[in-house]
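# Examining the three-dimensional arrangement
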Amino acid sequence: MTVLQSSALSDVARDDATLRRFLHGLPGVDQVGAEARAAGLATRSIKTTAKAWAIDTSISMVDLTTLEGADTPGKVRSMCAKARHPDPSDASAPPVAAVCVYPDLVATAVSALAGSGVQVASVATAFPSGRAALATKLHDVREAVAAGATEIDMVIDRGAFLAGRYLQVFEEIVATKAECGTAHLKVILETGELATLDNVRRASWLALLAGGDFIKTSTGKVSPAATPPVALVMLEAVRDFRDRSGSLGGVKLAGGIRTTKEAVRYLVMVNEVAGEDWLTPSLFRFGASSLLNDLLLQRHKLRTGVYDGPDYVTVD
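This report concerns the structure included in the present document. Here the residue index of a chain counts from 1 through its sequence in written order. Local features are withheld for residues below a pLDDT of 70 in this predicted model, meaning they are given only at 70 or higher, and side-chain atom pairs are given and counted only at 80 or more; totals for whole chains, interfaces and linings count all residues. To obtain the side-chain values, all non-hydrogen atoms of the structure were included, while hydrogens and water were left out.

Here we come to the overall build of the chain. Only DSSP runs of H or I covering at least 4 residues are called helices, and only runs of E covering at least 2 are called strands; the numbering of each starts at the N terminus. Looking only at helices and strands, one finds 12 helices and 8 strands in the chain. To get the radius of gyration, use the C-alpha atoms; to get the globule rule, take the number of residues to the power 0.38 and multiply by 2.2 Å. In terms of overall dimensions, the chain is globule-like: its C-alpha atoms have a radius of gyration of 19 Å, near the 20 Å expected for 316 residues. By principal-axis analysis of the C-alpha atoms, the chain measures approximately 60 × 45 × 30 Å. Relative to its full complement of 316 residues, the chain shows a buried share of 54%. Of the contacts formed within the chain by residues at least 6 apart in sequence, a portion of 75% connects residues at least 24 apart. Accessible area for the chain stands at about 13,000 Å²; split by element, carbon and sulfur atoms hold 52% of it. Looking at the chain, you have 33 positive and 35 negative side-chain charges, and the mean spots of the two groups are 2 Å apart. For each residue, the accessible area found with a 1.4 Å probe, counting protein chains only, is set against the maximum for its type, and the residue is called buried under 20%, exposed over 50%, and partly exposed in between. Whether two residues are in contact is decided by their heavy atoms: any pair within 4.5 Å suffices. Reported accessibility uses the Shrake-Rupley method at a 1.4 Å probe radius. Residues are deemed covered only where the shown protein chains occlude them. Charge assignment: positive for Lys and Arg, negative for Asp and Glu; neither His nor the chain ends contribute. One atom stands in for each charge, and that atom is NZ of Lys, CZ of Arg, CG of Asp or CD of Glu.

Now the structure itself:
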């Protein structure tokens, strides 16, 4: 994605006042209306054949993630094996979209996933707080990219955003994107700290204007994270941004999504709000490792008619 491709948007970030005027000029979000629409979409049902497609599509959209201080190379290699072959007993199960690890474990993941087509994502920019000097944040990115990361998940400085320092946040995203090279950039908004859906819409547009390839709900360290109203607003943002700029931005829902039923509901929302163009791992992801296990259990039930115990899948 090229920063500010549309001529209609080319002057939006020329200074702080202009950027603020643009972001605060976006249509306000009717929270009650958003909640009602999200709830309505959640009532949609799909047929068995469509459910099989939805489960496999959801598996292919998962970013299998481990972001703990106790992470080890062995744990990452085990996770990568699962990413390549989520169900070792069934070769028809698709691989996941990506694995996501800390920068110091990127090389381990790259080695374990060689030739698989599974992407290697790394968090960066003082994850999860986003509170560090820009030089430190960019060093994070350079290290991850040099180690072979093909996707970077950066986190915005929510303190700067909430204080109205929009241009600072914009410029940090632009600088981070420049360090990514060919790697895709996912911009984590940490929606649980943004307080209002209006702020979610503004932060979404800000990230897209600055060149983010994806907008992402959460670090997974803050609750609430991905919720239906938040997802609705972010999907509306990428749809409207495409209409204004011609550029396609992706959405990653991370944090709190654990069941197949939830994943299918979100796919319905993607189709109804953004459109079927977004029903692909290149434009929509789930950052929910525990979700994968339930998807595998439900997939096996659909294929065999038998429910399996939790020991059917590996513990992450």
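For two strands to pair, DSSP has to find at least two bridges joining them. Across the sheet, 8 strands lie side by side as 1-2-3-4-5-6-7-8; this open sheet has parallel pairing. Taken across any chain shown, the strands that pair with only one partner, and hence form the sheet edges, are strand 1 (63-65) and strand 8 (284-287). Taken over all neighbouring pairs, the strand axes of this sheet differ in orientation by 25° on average, direction set aside. Bridge count for strand 7 (residues 250-254) against strand 8 is 4 bridges, and the pairing is parallel. The residue bridging Ala254 from the neighbouring strand is Gly287, located in strand 8. Against the sheet, helix 10 (residues 228-245) engages strand 6 (214-216) and strand 7, with an angle of about 165° to strand 7. Orientation is described by lines fitted to C-alpha atoms, with helices fitted over the stretch in contact, and by angles between N-to-C directions that extend from 0 to 180 degrees. The sheet strands contacting helix 12 (residues 289-304) are strand 1 and strand 8, and the helix crosses strand 1 at an angle near 120°.

Turning our attention to the nonpolar core. Burial of nonpolar side chains together is a common tendency in soluble globular proteins. Note on terminology: a nonpolar core comprises buried Ala, Val, Leu, Ile, Met, Phe, Trp, Tyr and Cys residues joined through side-chain atoms within 4.5 Å. Counting 91 residues, the largest nonpolar core has Val99 and Phe286 as the members making the most contacts within it. Among the elements that take part in this core, helix 10 stands out by supplying 9 residues, more than any other. Among all residues touching Phe286, those that are not within four sequence positions of it are Ser58, Met61, Val62, Asp63, Leu253, Ile257, Ala263, Tyr266, Leu267 and Leu291. Among the nonpolar cores identified, the runner-up in size contains 7 residues, and Cys100, Ala121, Phe127 and Val155 belong to it.

With that settled, the discussion passes to the side chain of Thr125. Following the sequence through the fold, Thr125 ends up in the loop between strand 3 (119-124) and helix 6 (134-146). The class of Thr125 is buried, set by a relative accessible area of 1%. Side-chain polar atoms of Thr125 contact the backbone nitrogen of Val155, separated by 2.9 Å. Excluding residues that lie within four positions of it along the chain, Thr125 makes contacts with Gly130, Lys137, Asp140, Val141, Met154, Val155 and Thr176. Under this definition, polar contacts are N or O atom pairs within 3.5 Å; protein pairs additionally need one hydrogen-donor-capable and one acceptor-capable atom, and for neighbouring residues in sequence, both atoms have to be side-chain atoms.

This part takes up the pairing of strand 5 (residues 184-188). When you tally the buried positions in strand 5, you get 4 out of 5 residues, the bulk of the element. Bridge count between strand 4 (residues 151-155) and strand 5: 5 bridges; the pairing is parallel. Bridge pairing in strand 5 places Met154 opposite Val187. Two strands pair when backbone bridges link them, and strand 5 and strand 6 are joined in this way by 3 bridges, in the parallel orientation. Looking across to strand 6, one finds that Lys186 is bridged to Phe214. For a crossover, the right-handed case is the one in which the path from the first strand over the helix to the second runs clockwise, viewed with the strands pointing away from the viewer. In this fold, the crossover linking strand 5 to strand 6 by way of helix 9 (residues 197-209) has right-handed handedness.

We define a salt bridge as a contact between a side-chain nitrogen of Lys or Arg and a carboxyl oxygen of Asp or Glu at a distance within 4 Å. In the structure shown here, the tally under the stated rule is 25 salt bridges. Note that Arg131 and Asp157 form a salt bridge whose closest N and O atoms lie 3.7 Å from each other. Of the two residues, Arg131 is situated in the loop between strand 3 and helix 6 and Asp157 in the loop between strand 4 and helix 7 (158-162); the sequence distance between them amounts to 26 residues. Note on Arg131: relative accessible area 58%, which makes it exposed. When its relative accessible area of 8% is taken as the criterion, Asp157 is described as buried. Across the pair Asp240 and Arg239 runs a salt bridge, and its minimum N-O distance is 2.9 Å. We classify Asp240 as partly exposed; its relative accessible area is 26%.

Attention shifts here to helix 9. If you check helix 9, its first and last C-alpha atoms are 18 Å apart, about what 13 residues at 1.5 Å a residue would give, namely 18 Å. Counted residue by residue, helix 9 has 12 buried out of 13 residues, so it is predominantly covered. Of the residues making up helix 9, those classed as buried are Leu197, Asn199, Val200, Arg201, Arg202, Ala203, Ser204, Trp205, Leu206, Ala207, Leu208 and Leu209. Remark: Gly211 follows helix 9 within two positions and exhibits a positive phi of approximately 110°. To estimate how far a helix should reach, multiply one less than its number of residues by 1.5 Å.

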